[in-house]
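The residues making up each chain are set out below.
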Amino acid sequence: MLNLVGLGFVVLLAAMGAATVESTLTTILQIQSLLMLVLQLIALCLMHFDVCNSVQYDYYKYHPMHEIQSWMAQIKNEHPDVVTIMDYGKTYEHRTISLLKIGFDTGEKKKAIWMDCGIHAREWIAPAFCQYFVREILNAYKTDSKMQEMMKNMDFYVTPVLNMDGYIYSWEEERLWRKNRSPGPAGCACNGTDLNRNFDANWGTIGVSADCCSNIYCGSHPVSEPEAQAVTYFVGTRKEDFLCFLTIHSYGQLLLVPYGHPNFTASNYNELMEVGLAAAEAIWKVHGKNYTVGASPDVLYPNSGSSRDWARMQGIPLAYTFELRDNGTFGFELPENQIQPTCEEAYMGALHIITYAHDKTFSGAVATVAATLWTVLIAMGVTGSNSM
Ligand SMILES: [Zn+2]
């Protein structure tokens, strides 16, 4: 009897077991398809990050400071292999000034390209351009072998907004604010120094004002401002690495070469002009906009204490100021529908200068020609040791 009960129990267990195995199999299959779906979604996200982001970043709108900061973090998260964020200073109001460093980590000491935007608060198209530029080079390197080569040999240091305090002030208080936000000297009721008159380059000599209420107030002494100090220190301590220093402004459709002071001419002025004119042609080819190339006193007005002049005086060979669109119709308040064409054309101009800087330093063709020439000279017996 006990055995029968026992047998019945075993049969029942077996039946239950079969039912459990079947339902377990179904569950496993369900989990498996669920996992497949999750994996497919992850793959889709990796290929197209925007799919996972409910809000796609709009490069053709102007963005307030906090959105640009979120964008920087997003760019770093999307491209951890080539992008890092570097903090390199504080603004007067204690905001952290950051840049995006973009390039392959080769483990070697690399050459570098500098680009800063938004040194003047009201020139909103400039930060928009820095963001567009970053997106373009990060898209390009995946398929374009030239950009891959440049990102192996050089790092791009891009500061989307240098004058953060001023930029925020231009959003919240006064759209046409230009300077930073530091207080004037004792007895002066006005705030702000023109950061592009504050650098240590013939400081305070021409095209500036000593009146702290002026839009071109150059500060109490050279590099008195924390934002100018940050650039001076960061670039100054790596100056031999930088091939190129591009500082982005508006408006006027100009490519300005050093120097702002009419008494000084850059030692490579001809090269700066030649490369600048070719960049202007590259710009013109995109949407037919004319950019004028020249030293500031020749095509705009003389000035002193600019970051571009300071960079050239540090020995950085290719230093340019971009004055983006337009020619004065909208001025600093360039409508958003002009962001895209302005960025597209300026990108081609910047790319021309950067490619020139790269090829001059790294071009195998130039080295090959030199080596061939040397071989020919030896064969002809006209090298130094055989000279008559
Ligand atoms: Zn400017």
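Residues numbered from 1 in each chain as written. Predicted model: local features only at pLDDT ≥ 70, side-chain atom pairs only at ≥ 80, totals over all residues.

Engineer: Just checking my understanding: could you explain the sheet that holds strand 5 (residues 242-250) for this structure?
Structural biologist: Think of a sheet as strands paired side by side through backbone hydrogen bonds, with each pair either parallel or antiparallel. Pairing within the open sheet is mixed, and its eight strands lie in the order 1-2-4-3-5-8-6-7. What marks the edges here is a single partner per strand, and that holds for strand 1 (83-90) and strand 7 (292-295). Neighbour to neighbour, the strand axes of the sheet diverge by 20 degrees on average, direction disregarded. Relative to strand 4 (residues 154-159), strand 2 (residues 96-102) runs antiparallel, the two being bridged by three bridges. Across the sheet, the residue bridging to I102 is F156, located in strand 4. Sheet strands in contact with helix 11 (residues 339-362) are strand 3 (111-117), strand 4, strand 5, strand 6 (254-257) and strand 8 (318-324), and its direction is about 165 degrees off that of strand 5. (Pairing = 2+ DSSP bridges. Helix = DSSP H or I, 4+ residues; strand = E, 2+ residues; numbered from the N terminus. Axes fitted to C-alpha atoms, helices over the stretch in contact; angles between N-to-C directions. Contact = placed C-beta atoms within 7 Å.)

Engineer: So what exactly am I meant to see when it comes to the nonpolar core here?
Structural biologist: What tends to happen in soluble globular proteins is that the nonpolar side chains get buried as a cluster. Counting residues in each nonpolar core, the largest one holds 91 residues, and the members touching the most others are F129 and C244. For this core, the leading source of residues is helix 4 (residues 125-140), giving nine residues. Apart from residues lying up to four places away in sequence, C244 is in contact with I113, W114, L318, I353, I354 and A357. (Core = buried A, V, L, I, M, F, W, Y, C linked by C-beta atoms within 7 Å. Buried ≥ 20, exposed ≤ 12 C-beta atoms within 10 Å, placed from the backbone.)

Engineer: I keep staring at the pairing of strand 2 and nothing clicks. Help me out?
Structural biologist: When a strand is regular, its side chains alternate between the sheet's two faces. Where strand 1 and strand 2 come together, seven bridges link them in antiparallel fashion. Across the sheet, the residue bridging to D87 is S98, located in strand 2. What sits between strand 1 and strand 2 in their antiparallel hairpin is a turn of five residues, with H94 showing a positive phi close to 70 degrees.

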